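# Results of the structural survey
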Amino acid sequence: MDAIELLKNNGTVLYPTDTTFGIGCDAKNVEAIRKIFKIKNRPDSKSLIILVDSNRRLQEIVDVPDLAWDIMDLSEKPVTIIYDNPRNLPKELIAEDNTVAIRLTHDLFCKKLISRLNSPLVSTSANISGETTPNSFDEISDQIKEEVDYIFPESENFIPKFSGSSIIKLSADGKVKVIRE
């Protein structure tokens, strides 16, 4: 079974992202999402980030305010935006305040993966919840390596460009809040 088929069948993967090492799954697969919370030992009250590969896919999930396009265009590093009132996603990905964090990736590997999957991709750092984000493949805990269903070979020589993305919350009422720079 190849990685895409695995993702379509409740699978989880370890992969290089536009920021750091990620643990991911099909963002529309509830069973796989629950597996990621378990792998990370993360409370399900803490939401996960989703990666999309195109403007179209982003607009299928949320109404994108003009300010979001400007922020994405002007940002010097990958930026995750928290949007209000998502649609077409499982409740497991939606925060208690009815928001979702989404990053429109420009990374070619991630774009191809999402395009082949034909679905948004969950992306959370490849660490146990509360531990530091790994800077090399060797720093990823053996527990994570053993519990994900597939490790993309590209991960082994990947050097993260960022420890994470900037996170900005854009509320429907026009409020802007920087969560992480």
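First, a word on scope: everything that follows refers to the structure included in this document. Nothing here was measured: the structure is a model prediction, and the numbers come from that model. (Residues numbered from 1 in each chain as written. Predicted model: local features only at pLDDT ≥ 70, side-chain atom pairs only at ≥ 80, totals over all residues. Heavy atoms only, no water.)

## A few points about the pattern of salt bridges
- Under the definition given, this model contains ten salt bridges.
- As a salt-bridge pair, Asp 2 and Arg 116 come within 3.2 Å of each other at their nearest N and O atoms. Highlighted residues: Asp 2 in the segment before helix H1 (3-8) and Arg 116 in helix H5 (residues 108-117), separated in sequence by 114 residues.
- Take Asp 2: its relative accessible area is 36%, and that puts it in the partly exposed class.
- In this structure Arg 116 comes out as exposed when scored by relative accessible area, which is 53%.
- A salt bridge links Glu 60 to Arg 56, with the nearest nitrogen and oxygen atoms 2.5 Å apart. Here Glu 60 pairs with Arg 56, and both are found in helix H3 (residues 55-61), just four residues apart, close to one helical turn. (Salt bridge = Lys/Arg side-chain N within 4 Å of Asp/Glu carboxyl O. Helix = DSSP H or I, 4+ residues; strand = E, 2+ residues; numbered from the N terminus. Buried < 20%, exposed > 50% of the residue type's maximum accessible area, 1.4 Å probe, protein only.)

## Thoughts on the nonpolar core
- Leu 58, Met 72, Tyr 83 and Ile 102 are the most contacted members of the largest nonpolar core, which has 39 residues in total.
- At the level of elements, strand S2 (21-24), helix H2 (30-40), strand S3 (49-52), H3, helix H4 (66-74), strand S4 (79-84), strand S5 (99-104) and strand S8 (166-170) are the ones that each hand at least two residues to this core.
- Per element, the largest residue contribution to this core is five residues, and it comes from H2.
- When sequence neighbours within four positions are dropped, the list of residues in contact with Leu 58 reads Val 52, Val 64, Trp 69, Met 72, Tyr 83 and Ile 102.
- Ranked by size, the runner-up nonpolar core spans 13 residues in total, among them Ala 3, Leu 7, Val 13 and Leu 51. (Core = buried A, V, L, I, M, F, W, Y, C linked by side-chain atoms within 4.5 Å. Contact = heavy atoms within 4.5 Å.)

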